[in-house]
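One letter stands for each residue in the lines below.
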Amino acid sequence: NAILECFMNDQVNDKRQIFSLSLNFIDRRLNSIIGVIDSLNLETTKYKKQNLIFTPELQTDNALSDIVKSGDESLKLEIQLDIIKSLENSLKIQNNFSLLPFNIGIENSNLNDLILLYNEIVNQRTKLLAGATKQNPIIVQLNSQLEELKINLFKSLENYKSSINSSLIRIQNFKNESQLLIDNIPEKETKLRSFSRNFEIAEKLYLF
């Protein structure tokens, strides 16, 4: 009985040593895997922040939508630019004071007000010339007003053109940035998938 008891105690001690070694091994592996998971979490978050990539598919769709909207906005501005250039040319080739086209789609209230005022004075001058000479003091005064309005119109046209061109440059830069984002997303998405795959492996190993 004493021999049998001694033998059983030896077996228990052997098993305890093995179990202790196994538990220590598992604890070390768990701590190591937790460290890997934490590190992957930090790396993924850091990479997303640095590259501004969070939901690649959604960001690609948004970027494409932004490019389409920017294209529409550019087209509207280019139409405005074409109208402005045509109006400016009409004003330049005037030999005498004549009416300017109005309500032609110019989206600038100040410019529209100037054109309206210019046309009103031109009409007033035309009516007066039906019964007066060009030397008439009122005609001379209206001529002066029209000359001044012409100068203001040219300035307003130039300012509006400058504003449109600035907007076109800004839109083009935005389109370029959106296109660059779309071009770079696949590569960055691959890197994110690599993080995700490594995280999944570490998580499964941890659960195991």
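Everything that follows concerns the structure shown earlier in this document.
Counting from 1, residues in each chain are numbered in the order their sequence is written. Since the coordinates come from a predicted model, pLDDT governs what is reported: local features require at least 70, and pairs of side-chain atoms require 80 or more to be given and counted, while whole-chain, interface and lining totals use all residues. Hydrogens are left out, water is left out, and the side-chain values use all remaining heavy atoms of the structure.

The helix and strand tally for the protein stands at four helices and zero strands. Secondary structure follows DSSP: runs of H or I at least 4 residues long count as helices, runs of E at least 2 residues long count as strands, and numbering of each begins at the N terminus. Secondary structure elements of the protein occur, N-terminal to C-terminal, as α-α-α-α. A radius of gyration in this sense is built from C-alpha atoms; the matching globule rule multiplies 2.2 Å by the number of residues raised to 0.38. Relative to the compact-globule value of 17 Å for 208 residues, the protein shows a C-alpha radius of gyration of 40 Å, a clear excess of over 25%. Over its C-alpha atoms, taken along the principal directions, the protein stretches across nearly 145 × 25 × 20 Å. Relative accessibility thresholds used throughout: buried, under 20% of the residue-type maximum; exposed, over 50%; partly exposed, between the two (1.4 Å probe, protein chains only). In the protein, which comprises 208 residues, the share counted as buried stands at 27%. Every residue pair with non-hydrogen atoms within 4.5 Å of one another is taken to be in contact. Excluding contacts between residues fewer than 6 apart, the proportion of contacts in the protein whose partners are at least 24 apart in sequence is 76%. Every accessible area reported is derived by Shrake-Rupley at a probe size of 1.4 Å, with residue values counting cover from the shown protein chains alone. A total accessible area of about 14,700 Å² is found for the protein, and carbon and sulfur atoms account for 55% of it. If you average the places of the 24 positive and of the 26 negative side-chain charges in the protein, the two averages end up 4 Å apart. Here Asp and Glu are counted as negative and Lys and Arg as positive; His is not counted, and neither are the chain ends. Each charge is placed at NZ for Lys, CZ for Arg, CG for Asp and CD for Glu.

Bringing the pattern of salt bridges into the picture now. Note on definitions: salt bridges are taken to be side-chain nitrogens of Lys or Arg within 4 Å of carboxyl oxygens of Asp or Glu. Applying the stated criterion across every chain, the model contains four salt bridges. A salt bridge links Arg170 to Glu73, with the nearest nitrogen and oxygen atoms 3.8 Å apart. Here the residue Arg170 occupies a position in helix H4 (residues 137-207), and Glu73 occupies one in helix H2 (residues 56-92), the gap between them amounting to 97 residues. In this structure, the salt-bridge partner of Lys161 is Glu88, at a minimum N-O distance of 2.9 Å.

A separate point is the nonpolar core. To define a nonpolar core, start from buried Ala, Val, Leu, Ile, Met, Phe, Trp, Tyr and Cys residues and group those joined through side-chain atoms within 4.5 Å. By size, the foremost hydrophobic cluster in this structure holds 24 residues, and its most contacted members are Leu100, Ile106, Leu111, Ile115, Tyr118 and Leu153. Secondary-structure elements contributing two or more residues to this core are H2, helix H3 (109-129) and H4. At nine residues, the largest contribution of residues to this core is made by H4. Once residues within four sequence positions are removed from consideration, Tyr118 is found in contact with Leu91, Gln94, Phe97, Ser98, Leu100, Leu146, Leu149, Lys150 and Leu153. In this structure, Ile53, Ile185, Leu192 and Phe195 belong to the second largest nonpolar core, which totals six residues.

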